[in-house]
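Observations on the three-dimensional arrangement
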Number of protein chains: 2
Amino acid sequence: MRKNEVKDLYRNHQNYLDKPVTVGGWIRTIRTSKNFGFIELNDGTFFNSIQIVFENDLENFEEISKLTTGSSILVHGTLVKSPGSKQPFEVKSNEVIIKGVSELEYPLQKKRHTFEFLRTIAHLRPRTNTFSAVFRVRSLLAHAIHTFFQEKGFVYVHAPIITTSDAEGAGEMFKVTTLSNENLAKKDYSKDFFGKEAGLTVSGQLNVETYCMAFGKVYTFGPTFRAENSNTGRHAAEFWMIEPEIAFADLNDDMELAEEMTKFIINYVLEKAPEEMEFFNKFIDKGLIERLKHVSSSDFAKVTYTEAIEILEKSNKKFDFPVKWGNDLQTEHERYLTEEHFKKPVFVTDYPKGIKAFYMKLNPDEKTVAAMDLLVPGIGEIIGGSQREENLETLKSKMDELGLSQEDYWWYLDTRKYGTVEHAGFGLGFERMVMYVTGMQNIRDVVSFPRTPKNADF
Amino acid sequence: MRKNEVKDLYRNHQNYLDKPVTVGGWIRTIRTSKNFGFIELNDGTFFNSIQIVFENDLENFEEISKLTTGSSILVHGTLVKSPGSKQPFEVKSNEVIIKGVSELEYPLQKKRHTFEFLRTIAHLRPRTNTFSAVFRVRSLLAHAIHTFFQEKGFVYVHAPIITTSDAEGAGEMFKVTTLSNENLAKKDYSKDFFGKEAGLTVSGQLNVETYCMAFGKVYTFGPTFRAENSNTGRHAAEFWMIEPEIAFADLNDDMELAEEMTKFIINYVLEKAPEEMEFFNKFIDKGLIERLKHVSSSDFAKVTYTEAIEILEKSNKKFDFPVKWGNDLQTEHERYLTEEHFKKPVFVTDYPKGIKAFYMKLNPDEKTVAAMDLLVPGIGEIIGGSQREENLETLKSKMDELGLSQEDYWWYLDTRKYGTVEHAGFGLGFERMVMYVTGMQNIRDVVSFPRTPKNADF
């Protein structure tokens, strides 16, 4: 069906003025009087709606006048300058074809709805301004990330979703099975689909490291899972993660990549979705655009964990969690560092080995590892990465210390046996980035159909 | 670490000739004599390796000479014209820094390995020519798909992976749970993570249809799952699928989109990966490039299912499966149609309703539905799509006929209650497209770490 897209009409309206156009979409509002009416029509291609004017010379004028919010129509008409001041142009209709009348109990009537309520109609909420903006920006952010890595020659690897390994701890894994409940009770996994116990991945990193040793520069972008019973605004059981990995690279290269990526995707969205970003800036998070522009134009700061602890200790600030070398930084500490002390994004590096994963490279001091977290104003940690331990013997001792079985990780250890080289990578929780860029406060409001404890509706 | 990428040296070698360069990568082969040696070094940025020459004036000449396939090195040297005829240039080294010596049992010695063997070392196989080409092309194809849809203004939707709905049949679904085996035996899902029985998605279509009614043009690109005990070269338990959905669109719009997409991504890969495609054409599937170019320059044919049955009946061809109106087409039928009869890609449309899904739009004949399959030479069906039934009452009766609960699909039915409009979409199995574009014959050889019955290694 040939129709004009509202985005095109907005961006290039001078080409269409006084010419015939066809638009199709869903009614956001309708106002009628005896002889004419106005419809705000949204076709989904653009954040803004377009005004349709219809008059009583249309043979189905009565029917049109009775249309309700949410109904779908196709309009043939002419794009004309609007006499009103609210919009530069409108469509004067010659024909309004009614596609689908919205039933009267349509839940998205013209009034404010709480985000909590809108979560219960997750299938309809993208028809609202806020969620139309959120999910268009989410889509653009995803493509910005692919574009960034692809233009730099990275190879996109689809890490497996179902796994029999476990990168960080089986306690938080969902079990995946085809056994009947009775057979599960017998714990006989040899009869299960994969012949052994399987679960949903918590990270593609170990897998993608093996590809890094072939392609030099790789990244994953796929769903990951945590069966954590956390009912916070920052946790979901299912979320998407980006994990780049680079060879012949150390922690500095890793931070450079993270900084470049962050700036690229912020600029991409500011450029591609100005209307949506203005909306967030105005209604969701005042100051958002200024903050993002500041981030994309600042040199990110760098501080070691040990220095960061000193800064926090000297801050005379009262924190809920104690500041102590060896403890992980809490969000309040992170936000103090990035918002109050450095006033810009900051990489905290070289964390105590005890609070970081087994595969991180041990520093010469043998107390810290070559890890980095990127903290940004307004949210705290947004990226976590590290140089990896490339030395086979050091890695093995570390695994022994932690009771990890070398047999289970034979293929991971192979990367250190056959042409090992210094390499590094990081993980970016995609939803956290969407929240950061949109100013939305709850992860449930940036995922199309969120999965959280006791909730997998739709 | 600043180094030159081999791709850049190949593409722009005139800029680097007789200048200092640094390259780092993995040794594919090494040949040494008393006073000098040659290394074929692959850095992963490019299909081809680069030749390194080292001479006995290097202080670690002895050590370098003993290096084995798979070892990683960093080379400082000068890019010079090569006296040999096999390559246009080579790196004359000033310094060879040994990064990681490959242990002697390295399984990828210079000899032919079967694909079956290479599957057992899926973590190492991207270091071979074939799999380096496969996985680079896979990455490019993924980006081609995103680029195609994003440039057309489609919104990328991450459909949920864990689901409590079921688009096509629960029998083939993996169960996802955090219950202990003992509690599973009691079948008390109220204690399970999501409070009810959950599984892995088989399709994002129903979810994305709801977003289509907001944005007009959307697509998914994510993993989907089938717990099917099929041990064929075309089936995997975990695979990625692309599902676009367009509103104000009928089956013809759907076919136009599928044709345009297919041509776009073929041209994208032919342009971006000429070396890889030449390799496939020469060693994997002779005639591949010609076939792909033919597809990208042909107008795809269109035939109804009913006409296709007549063609098959008149073909005088002996098929293993009977040709009969009402039966689904088998691969042998599909390949006859596209390869022998039409000799180009062909859309088969308007299938009997009995063999297609409940959501497909009933045609006025009330016997067939507005479905389409795209068949391509060399593989058969590669895309399946349909116009969706947008009429609420027709859809409800269809669901009643099939015993589907309207209560379970309340949110899906809402799309027909609130502003329904004709819409259409299709599904493309990503791995099938990768196989088609590379000529690879087994799905296990186009997935990084394939998951099939009794196999979820790595």
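Structural notes, computed from the coordinates. Within any chain, residue numbers begin from 1 and follow the written order of that chain's sequence. Whichever chain is written first is A, and whichever ligand is written first is 1; the rest continue in order. Residues qualify for local features only when their pLDDT is at least 70, as the model is predicted, and side-chain atom pairs are given and counted only at 80 or more; totals for whole chains, interfaces and linings, by contrast, use all residues. In computing side-chain properties, one takes all heavy atoms of the structure into account and sets aside hydrogens as well as water.

**A few points about the relation of the copies chain B and chain A**
- Only residues with pLDDT of at least 70 in both copies count here: their C-alpha atoms drive the least-squares fit that superposes the copies. Overlay of chain B on chain A (RMSD 0.0 Å): rotation 180 degrees, translation along the axis 0.0 Å. One copy is carried onto the other by what is essentially a two-fold rotation axis. Ranked by how close their C-alpha atoms come to the rotation axis, the residues of chain B are headed by V176 of chain B, at 2.5 Å.
- Note on contacts: a residue pair is in contact if any heavy atoms of the two residues lie within 4.5 Å. When the interface residues of chain B are mapped onto chain A, 100% of them again lie at the interface, so the same face is used by both copies.

**Regarding the pattern of salt bridges**
- Here, a salt bridge means any Lys or Arg side-chain nitrogen found within 4 Å of an Asp or Glu carboxyl oxygen. Scanning all chains against the criterion turns up 50 salt bridges over all chains.
- For E105 of chain B, the salt bridge goes to K417 of chain A, with nearest N and O atoms at 3.6 Å. With E105 of chain B in the loop between β5 (89–100) and α4 (115–119) and K417 of chain A in helix α14 (residues 410–417), this pair bridges two chains.
- Put simply, R388 of chain B and E209 of chain B hold a salt bridge, and the shortest N to O gap is 4.0 Å. Taken together, the residues R388 of chain B in the loop between β15 (380–387) and α13 (392–401) and E209 of chain B in helix α7 (residues 205–215) connect sequence positions 179 residues apart. One exposure class covers both R388 of chain B and E209 of chain B, and it is buried.
- Several salt bridges converge on common partners, so that one network encompasses E209, E245, R388 and R416 of chain A. Segments assigned H or I by DSSP are reported as helices when at least four residues long, segments assigned E as strands when at least two residues long, and all are numbered from the N terminus. To sort residues, take the accessible area from a 1.4 Å probe on protein chains only and compare it with the maximum for the residue type: under 20% means buried, over 50% means exposed, and anything in between is partly exposed.

**Some points on the sheet that holds strand β16 (residues 423–429) of chain B**
Residue and element names in this part refer to chain B.
- With mixed pairing, eight strands are arranged side by side in an open sheet as β6-β10-β11-β16-β15-β14-β13-β12. Bordering the open sheet on either side are β6 (155–156) and β12 (301–304), each of which pairs with just one other strand.
- At least two bridges found by DSSP between two strands are what make those strands a pair. Relative to β16, β15 is paired through five bridges, and the arrangement is antiparallel. Paired with I383 across the bridge in β16 is L428.

**Examining the pairing of strand β14 (residues 368–376) of chain A**
Residues and elements named next belong to chain A.
- Of all nine residues making up β14, nine are buried, and the element is well covered by its neighbours.
- Pairing between strand β13 (residues 346–352) and β14: six bridges, direction antiparallel. Bridge pairing in β14 places Y351 opposite V369.
- Here six bridges tie β14 to strand β15 (residues 380–387), and the two strands are oriented antiparallel to one another. Its bridge partner being in β15, A371 is matched across the sheet by S386.
- Taking the residues between adjacent antiparallel strands as the criterion, β14 and β15 are bridged by three residues, where G378 takes a positive phi near 95 degrees.

**Some words on the sheet that holds strand β2 (residues 36–42) of chain A**
Residue and element names in this part refer to chain A.
- Taken together, five strands build a closed barrel; the order of strands is β1-β2-β3-β5-β4 and the barrel is mixed. Pairwise comparison of adjacent strand axes, ignoring direction, gives a mean angle of 55 degrees for this sheet.
- Bridge count between strand β3 (residues 50–55) and strand β5 (residues 89–100): two bridges; the pairing is parallel. Across the sheet, I52 pairs through a bridge with V91, a residue of β5. Lines fitted to C-alpha atoms define the axes, with helix axes restricted to the stretch in contact, and inter-axis angles between N-to-C directions lie between 0 and 180 degrees.

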